[in-house]
Amino acid sequence: MESPYLSYFSLKEEPFSTVPSPRYLFLTPVHATALSKTEFVVQTKKGVAAVFGDTGTGKSSLARLLHQKFLDHGLHSALVTNPNYPGPYSLLRTIALELGVPRVARSYADMLLVFKSFLLTEAVKNKKTIVLMIDEAQTLRLPLIETLRQLVNFETNDEKLLQIVLFAQEDLRSKLAHPRGRNFRSRIVMASTLDRLGPGDLAQMVDFRWRVASGGQEHPFDTEAIEALYDYSGGTPREAAILADASLLLAFLEKEKRITAATVKRAAHEREVNLEGQKEAA
Ligand SMILES: Nc1ncnc2c1ncn2[C@@H]1O[C@H](COP(=O)(O)OP(=O)(O)OP(=O)(O)O)[C@@H](O)[C@H]1O
Ligand SMILES: [Mg+2]
């Protein structure tokens, strides 16, 4: 259903949807650096890159942006979003299917051979760059991390045949520190960490998203309203987007065209009351 406030604010789309759309990703210097480091690893075929970050900091959005960029540049890219498979065979089979490996084998060992021969044909003979992007990589269990290690081991003297990019919350760090994860960790050639936004970046993010959604118009948030968005979200982009959206709805219901700090505060308070219950929030 279309948001009720779209026409009221002359918007073409929702500016603060929490779908990880690459079009709405504002590249802060930190996001831009993570993007270029990852592109570098993939394009120079160095093997594994990782992007870490707390929930709601833009990992899935960045994953989709990179995936699209890779496809646009003719790379062979697959994006796996829930790698929490029951075992190595099902993970490998999924990866193979996503990458368009033409054949499946019944056993894990045979599937590895099929996969290797696919990589040799595509990467060496057809000179394709093959990229496997894994979102929510913190859910990978240790045996699955071992499978990924086996896959990056396929290499020639000059390059890795498969490039892997992991997007993960903090939990992956401790898994990689485990003795059974360390082998794979040593193959990560570049890691980046997405952070919460500072007040300046958050203001720019609101401006950027509004322009995308409205076709270049200026946003209706007062300076103090933006400050309140920062204070209540702690700079986490997803929280800020949720609050900005709720504030818009409140302003619409009250027939206000500008968003004030008081409106943001009310939106934040209502969210808190509903998530935590009346007593705790009071
Ligand atoms: N740099 C940014 N610019 C604009 N919006 C952002 C930015 N980072 C995150 N967002 C927004 O925050 C929301 C959450 O982003 P995303 O889903 O990419 O986060 P995530 O890091 O994958 O979170 P999780 O770990 O919970 O999966 C989305 O609406 C996204 O558009
Ligand atoms: Mg995500």
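For clarity, every value in this text was computed on a predicted model and none was experimentally measured.

Reading guide: rules and limits
Residues numbered from 1 in each chain as written. Chains lettered and ligands numbered in written order. Predicted model: local features only at pLDDT ≥ 70, side-chain atom pairs only at ≥ 80, totals over all residues. Heavy atoms only, no water. Helix = DSSP H or I, 4+ residues; strand = E, 2+ residues; numbered from the N terminus. Buried < 20%, exposed > 50% of the residue type's maximum accessible area, 1.4 Å probe, protein only. Contact = heavy atoms within 4.5 Å. Areas by Shrake-Rupley, 256 points an atom, 1.4 Å probe, with all protein chains shown as cover. Lys, Arg positive; Asp, Glu negative; His and termini not counted. Charge placed at Lys NZ, Arg CZ, Asp CG, Glu CD. Phe/Tyr/Trp six-rings, centres within 6.5 Å; stacked < 30°, edge-to-face > 60°. Lys NZ or Arg CZ within 6 Å of the ring centre and 35° of its normal. Pairing = 2+ DSSP bridges. Axes fitted to C-alpha atoms, helices over the stretch in contact; angles between N-to-C directions. Domains from an automatic or database assignment. Buried area = accessible area lost by both parts, 1.4 Å probe. Salt bridge = Lys/Arg side-chain N within 4 Å of Asp/Glu carboxyl O. Polar contact = N/O pair within 3.5 Å; in protein donor to acceptor, adjacent residues only side chain to side chain. Near = heavy atom within 4 Å. Nonpolar A, V, L, I, M, F, W, Y, C, P; charged D, E, K, R; others polar.

Draft legend 1. Spotlight on the overall build of the protein. Of the regular secondary structure elements, the protein holds twelve helices and five strands. Overall, the C-alpha framework of the protein stretches about 65 × 40 × 35 Å when taken along its three principal axes. Here the protein, with 282 residues, has 46% of them falling under the buried criterion. A fraction of 72% describes how many contacts in the protein between residues 6 or more apart in sequence connect residues 24 or more apart. Surface summary for the protein: the accessible area is close to 13,800 Å², and the carbon and sulfur share equals 51%. The average position of the 35 basic charges and that of the 33 acidic charges among the side chains of the protein differ by 10 Å.

Draft legend 2. Summary view of the packing of aromatic side chains. For the structure on display, the rule yields nine aromatic pairs. Considering the side-chain rings of phenylalanine 26 and phenylalanine 208, the 5.6 Å spacing of their centres and the 50° angle between planes classify their relative orientation as tilted. With phenylalanine 26 in the segment before α1 (29–43) and phenylalanine 208 in helix α8 (residues 199–214), this residue pair connects regions lying 182 residues apart in the sequence. Using a relative accessible area of 16% as the deciding quantity, one classes phenylalanine 26 as buried. Grouping aromatic residues by their ring pairs yields a cluster made of Tyr5, Tyr8, Phe9, Phe16, Trp210, Phe221 and Phe252. Lying over the aromatic face of phenylalanine 52, arginine 173 brings its terminal NZ or CZ to 4.0 Å of the ring centre. The side chain of lysine 257 reaches across the aromatic face of tyrosine 8, ending 3.7 Å from its centre.

Draft legend 3. Examining the pairing of strand β1 (residues 48–53) more closely. The buried fraction of β1 is high, at six of six residues. Where burial is concerned, the two faces of β1 agree: the one with Val48, Ala50 and Phe52 and the one with Ala49, Val51 and Gly53 are both buried. One ladder, built from five bridges, connects β1 with strand β4 (residues 162–168); its direction is parallel. What sits directly across from valine 48, in β4, is isoleucine 164. When β1 meets strand β5 (residues 188–194), the two strands line up parallel, connected through six bridges. Within the sheet, the bridge partner assigned to alanine 50 lies in β5 and is alanine 191.

Draft legend 4. Summary view of the sheet that holds strand β3 (residues 130–134). Sheet architecture is open: five strands sit in the order β2-β3-β4-β1-β5, paired in parallel fashion. Single-partner strands in this sheet number two, and they are β2 (76–80) and β5. Taking the axes of each pair of neighbouring strands and ignoring which way they run, one obtains an average angle of 15° across the sheet. Here helix α3 (residues 88–99) sits on the sheet and contacts β2, β3 and β4; the angle it forms with β2, its principal contact strand, is near 135°. On the sheet, helix α5 (residues 142–152) packs against β1, β3 and β4 and is oriented at approximately 150° with respect to β4.

Draft legend 5. Local environment of the domain arrangement of the protein. According to the domain assignment, the protein contains domain 1 (29–194) and domain 2 (197–281). For domain 1 and domain 2, the distance between their C-alpha centroids amounts to 35 Å. Between domain 1 and domain 2, the residue contacts involve five residues of the former and five residues of the latter. Both faces considered, domain 1 and domain 2 share a buried interface measuring about 330 Å² in area, 56% of it formed by carbon and sulfur atoms. The tally of links between domain 1 and domain 2 comes to zero salt bridges. There are two residue pairs in polar contact (both at pLDDT 80 or more) connecting domain 1 and domain 2.

Draft legend 6. Looking closely at the environment of serine 10. If you trace the backbone, serine 10 turns up in the segment before α1. Along the sequence, serine 10 and alanine 96 sit 86 residues apart, while their C-alpha atoms lie 45 Å from each other.

Draft legend 7. Fine view of the site of ligand 1. If you check the shell around ligand 1, you find 22 residues, and the closest are Thr55, Gly56, Lys59, Ser61 and Arg209. Contact between ligand 1 and serine 60: an oxygen atom at 2.8 Å from a main-chain N or O atom of the residue. The separation between an oxygen atom of ligand 1 and a polar side-chain atom of glutamine 169 is 2.8 Å. In isolation ligand 1 offers 630 Å² of accessible surface; the protein chains occlude 96% of this area. For the shell around ligand 1, the secondary-structure elements that each account for two or more residues are α2 (59–72), α8 and α10 (237–253). Of the residues assigned to the shell around ligand 1, the class counts are seven nonpolar, ten polar and five charged. When residues are assigned to domains, the shell around ligand 1 turns out to be shared by domain 1 (29–194) and domain 2 (197–281), each giving three or more.

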